[in-house]
Amino acid sequence: MKAEEGITILKIGGSVITDKSSDDGSAKLDEIERIAAEISRFSGRLIIVHGAGSFGHPQAKRYALTEKFDAKGAIITHDSVKNLNRFVVNSLNKAGLNSVPVHPIGNTVCENGRIVRMFIEGIRIMLKNGFVPVLHGDVVMDTVLGISILSGDQIVPFLAMQLGAERIGIGSAKDGVLDNEGKTIETITSSNFRDIEKYIGASENTDVTGGMFGKVDELLKLCEISSITSYIFNASKNGNVLKFLNGENIGTAINNTGK
Ligand code: IP8
């Protein structure tokens, strides 16, 4: 682990590590283990954020958490996604990493669904000492709504800004953002997004946080305030996670330069 190296943030989508068509938490354990093995071959400073997949979206929908406050539903949803986080952390540690679960419910406050504060001091110390923090989409406390659903897609750019990340990768189950012929769009910027957004379809399964559109939207917002390029790539393909971690630019690039 080289302490002077830049920070990489990798999001693993819920559709990669869970069966998103299930309505109550079905994990793809083989995929989690395969990805953990790829990640274990990377020695830089790394933060992992994973999506909730069928461990969060169906539960949030069942209790209508994006529409109304429901304390019981919030706890059930959080507990479920925490179970997925345990699978991820255990696999990473079995693969040789020292990864630490970091549950946003306890360290993040939102206002109307947008992060206003996150206690990241612990994450800084983890990175300094070679630990790999593993966060996830979660239910969090909200100053206006009581609780809100926080997507990992919002956590990634927030952490990138706070910690000055160098590389961002969003591992999804598709070869990036696809056009109307199913071809990967190479680069998305705020100037070509208007032409492209019509191709970005809704998720086939339950998704309370905006699917692919939500990801692109969050990463474009990041481009307005930073010069970081993010990559949305297919993490379901063997070897792609390691390729991204090793510096290969795969999938769709999202930036403000168009290159
Ligand atoms: O899958 C969603 O997080 P995401 C969080 O990263 C919950 O969008 C609890 C549904």
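Before going into details, it helps to say that this report is about the structure given with it. Keep in mind that what you see is a predicted model, and the values were worked out from it rather than measured. (Residues numbered from 1 in each chain as written. Predicted model: local features only at pLDDT ≥ 70, side-chain atom pairs only at ≥ 80, totals over all residues. Heavy atoms only, no water.)

Turning our attention to the pattern of salt bridges. As enumerated under the stated definition, the model contains 14 salt bridges in all. One salt bridge in this structure joins glutamate 218 and arginine 114, with 2.8 Å as the shortest N-O distance. One end of the pair, glutamate 218, is in helix α9 (residues 211–225); the other, arginine 114, is in strand β5 (residues 114–118), and 104 residues separate them in sequence. Among the residues examined, glutamate 218 registers a relative accessible area of 10% and is labelled buried. A salt bridge links glutamate 181 to lysine 183; its shortest N-O distance comes to 2.8 Å. On the basis of relative accessible area, glutamate 181 is assigned to the exposed category, the value being 58%. (Salt bridge = Lys/Arg side-chain N within 4 Å of Asp/Glu carboxyl O. Helix = DSSP H or I, 4+ residues; strand = E, 2+ residues; numbered from the N terminus. Buried < 20%, exposed > 50% of the residue type's maximum accessible area, 1.4 Å probe, protein only.)

Moving on, we come to the nonpolar core. Among the nonpolar cores identified, the biggest contains 39 residues, and Ile9, Ile47, Ile123, Leu135, Leu159, Ile188 and Val216 are the most heavily contacted of them. Secondary structure elements with two or more residues in this core: β1 (7–12), β2 (45–50), β5, α6 (121–128), α7 (152–163), β9 (167–172), α8 (193–196) and α9. With residues near it in sequence (within four places) discarded, isoleucine 123 still touches Ile47, Val102, Pro133, Leu135, Leu159 and Leu163. (Core = buried A, V, L, I, M, F, W, Y, C linked by side-chain atoms within 4.5 Å. Contact = heavy atoms within 4.5 Å.)

On to the pairing of β2. In terms of burial, β2 is largely enclosed, as six of its six residues are buried. Both β1 and β2 contribute to a ladder of six bridges, which runs parallel. Looking across to β2, one finds that isoleucine 12 is bridged to histidine 50. Relative to strand β6 (residues 132–136), β2 runs parallel, the two sharing three bridges. If you follow histidine 50 over to β6, its bridge partner there is histidine 136. (Pairing = 2+ DSSP bridges.)

With that settled, the discussion passes to the side chain of histidine 57. Along the chain, histidine 57 turns up in helix α3 (residues 57–62). With a relative accessible area of 8%, histidine 57 lands in the buried category. Leaving out residues up to four positions away in the same chain, histidine 57 has contacts with Lys20, Ala52, Thr206, Asp207, Val208 and Thr209.

The full count for this structure, using the stated rule, is one cavity of 30 Å³ or more. Around the largest cavity sit Ile12, Ile17, Ile32, Ile35, Ala36, Ile39, Ile48, Val88 and Leu92, which together line it. Looking at which element gives the most residues to the lining of the largest cavity, the answer is helix α2 (residues 29–39), with four residues. Split by residue class, the lining of the largest cavity holds nine nonpolar, no polar and no charged. (1 Å grid on protein atoms, 1.4 Å probe; cavity = no way out; pocket = protein on both sides within 12 Å on 5 of 7 lines; lining within 4 Å. Points joined across faces, edges and corners; volume = space filled by probe spheres on them. Nonpolar A, V, L, I, M, F, W, Y, C, P; charged D, E, K, R; others polar.)

Across the six residues that make up β1, a large majority, six, are buried. Along β1, one buried face is formed by Ile7, Ile9 and Lys11 and the opposite face, lined by Thr8, Leu10 and Ile12, is buried too. Where β1 lies against β9, five bridges are found, and the strand directions are parallel. Bridge pairing in β9 places lysine 11 opposite isoleucine 170.

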